[in-house]
Amino acid sequence: MSETVILEDNKVIPVSILKEAKKALSFYPELKDVHIEFKYKDNIKKSFMQAQPEFSNLFKGKENRSYNIYISSRFLIEEEEFTLSEVPSEVITGWLGHELGHIMDYREKSAFGLVIFGFRYVTSSNYIKEAERAADTYAVNAGMSDYILATKEFILNHSHLSDTYKERIARLYLSPEEILVLVNKLEEDLEKAEQEGS
Ligand SMILES: [Zn+2]
């Protein structure tokens, strides 16, 4: 699973997601000269993938920065565990496209701005909303809307939410990450309510 390929000198990609990563990257010619490493990492908090600037070269100027996209080999929707091989190819492509959208957003920020960003991201839900919206907007503008929708539908179709609720979430224009967090939070709340016998 950890065997990697180096694409055009600056993209490090595990063979297992090479097809999807190439597809997603093809929508972002702006990232051609940007060094990006796709790596497996378990225990990504509450998500499937996560894009981050590489800290070791963060302060060496915008041009010299590199980025990591961490991918979990498994993730949860409600109580069901999914491994990467169970996720349809277009859903992986869409999710990678969303993460590349985060990188497009990070590129615009100063190093100091990114440090502040990281802090706000973990402390403010409004800030998360803003950052997630920015990533999806980049992905949609890059022409990836069908893939982004596929990722959202995949999560919603594997949850036990009512159709009315699913429609409401779909209307809210949430990012795949936000939907995943929301779906899993609702599941936890339900369980808690059941345990309390209400
Ligand atoms: Zn995101």
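Residues numbered from 1 in each chain as written. Predicted model: local features only at pLDDT ≥ 70, side-chain atom pairs only at ≥ 80, totals over all residues.

- As recorded in an unreviewed UniProt entry, the protein chain goes by Peptidase family M48 and comes from Salinimicrobium flavum.

1. What about the pairing of strand β7 (residues 80-83)?
At step 1: With 4 bridges connecting them, strand β6 (residues 74-77) and β7 associate as antiparallel partners. Looking at the pairing, F75 lines up with F82 of β7. (Pairing = 2+ DSSP bridges. Helix = DSSP H or I, 4+ residues; strand = E, 2+ residues; numbered from the N terminus.)

2. Some details on unusual backbone geometry
At step 1: Positive phi values are uncommon outside glycine, yet D9 reaches one of about 70 degrees.
At step 2: Judged by the 7 C-beta atoms lying within 10 Å of it, D9 is exposed. (Buried ≥ 20, exposed ≤ 12 C-beta atoms within 10 Å, placed from the backbone.)

3. Let's talk about helix α7 (residues 176-195)
At step 1: Here α7 contains 20 residues, and its C-alpha end-to-end distance of 29 Å stays within 8% of the 28 Å for a straight helix at 1.5 Å per residue.
At step 2: Among the residues of α7, those classed as buried are P176, E177, E178, I179, L180 and V183.
At step 3: Following α7 by one or two positions, G197 adopts a phi angle in the positive range, close to 75 degrees. (Expected span 1.5 Å × (residues − 1).)

4. Some points on the sheet that holds strand β5 (residues 66-71)
Within a sheet, neighbouring strands are paired by backbone hydrogen bonds and run either parallel or antiparallel to one another.
At step 1: Ordered in space as β1-β2-β3-β5-β4, the 5 strands form an open sheet in which the pairing is mixed. Every other strand in the sheet has two partners, leaving β1 (4-7) and β4 (49-53) as the edge strands with one partner each. Within this sheet the neighbouring strands show an average axis-to-axis angle of 20 degrees, counted without direction.
At step 2: Relative to β5, strand β3 (residues 35-40) runs parallel, the two being bridged by 6 bridges. The residue of β5 that forms the bridge with H35 is S66.
At step 3: Across the sheet, helix α2 (residues 89-107) lies against β3, β4 and β5, angled at about 20 degrees from β4, the strand it touches most. (Axes fitted to C-alpha atoms, helices over the stretch in contact; angles between N-to-C directions. Contact = placed C-beta atoms within 7 Å.)

5. Brief notes about the pairing of β4
Consecutive side chains along a regular strand alternate between the two faces of the sheet.
At step 1: Side chains M49, A51 and P53 of β4 all project onto a buried face; the interleaved residues Q50 and Q52 project onto a face where none is buried.
At step 2: Summarising the sheet, β4 and β5 pair through 5 bridges and their orientation is antiparallel. Paired with Q50 across the two strands is Y70, which belongs to β5.

6. Overview of the packing of α2 against helix α5 (residues 145-157)
At step 1: Where α2 contacts α5, the axes come no closer than 7 Å and their chain directions differ by 110 degrees. When the axes of α2 and α5 are compared, the pair comes out roughly perpendicular. The two elements α2 and α5 meet at a crossing, and its hand is left-handed. Each of E90, V91, T93, G94, W95, G97 and H98 in α2 lies in contact with α5, whose residues at this interface are Y147, I148, A150, T151 and F154.
At step 2: Split into classes, the residues belonging to the contact of α2 with α5 amount to 6 nonpolar, 5 polar and 1 charged. (Parallel < 35°, antiparallel > 145°, perpendicular 65-115°, else oblique. Left-handed = near helix turned anticlockwise from the far one by under 90°. Nonpolar A, V, L, I, M, F, W, Y, C, P; charged D, E, K, R; others polar.)

7. As for the environment of I179
At step 1: In this structure, I179 sits in helix α7.
At step 2: You can call I179 buried: it has 23 C-beta atoms within 10 Å.
At step 3: Sequence-distant contacts of I179, defined by excluding residues within four places in its chain, comprise K152, I155, L156, I169 and L174.

8. Quick word on the nonpolar core
At step 1: Counting residues in each nonpolar core, the largest one holds 40 residues, and the members touching the most others are A21, F38, I69, L96, L100 and I103.
At step 2: L100 has contacts with A24, L25, Y28 and L31, leaving out every residue within four places of it along the chain. (Core = buried A, V, L, I, M, F, W, Y, C linked by C-beta atoms within 7 Å.)

9. Quick notes on the confidence of the model for the protein chain
At step 1: Here the protein chain averages 88 in pLDDT, while 98% of its residues score no lower than 70.
At step 2: Considering each helix and strand of the protein chain separately, the mean pLDDT is smallest for helix α6 (residues 163-171), with a value of 77, and largest for helix α1 (residues 18-26), with 98. (pLDDT = per-residue confidence, 0-100.)

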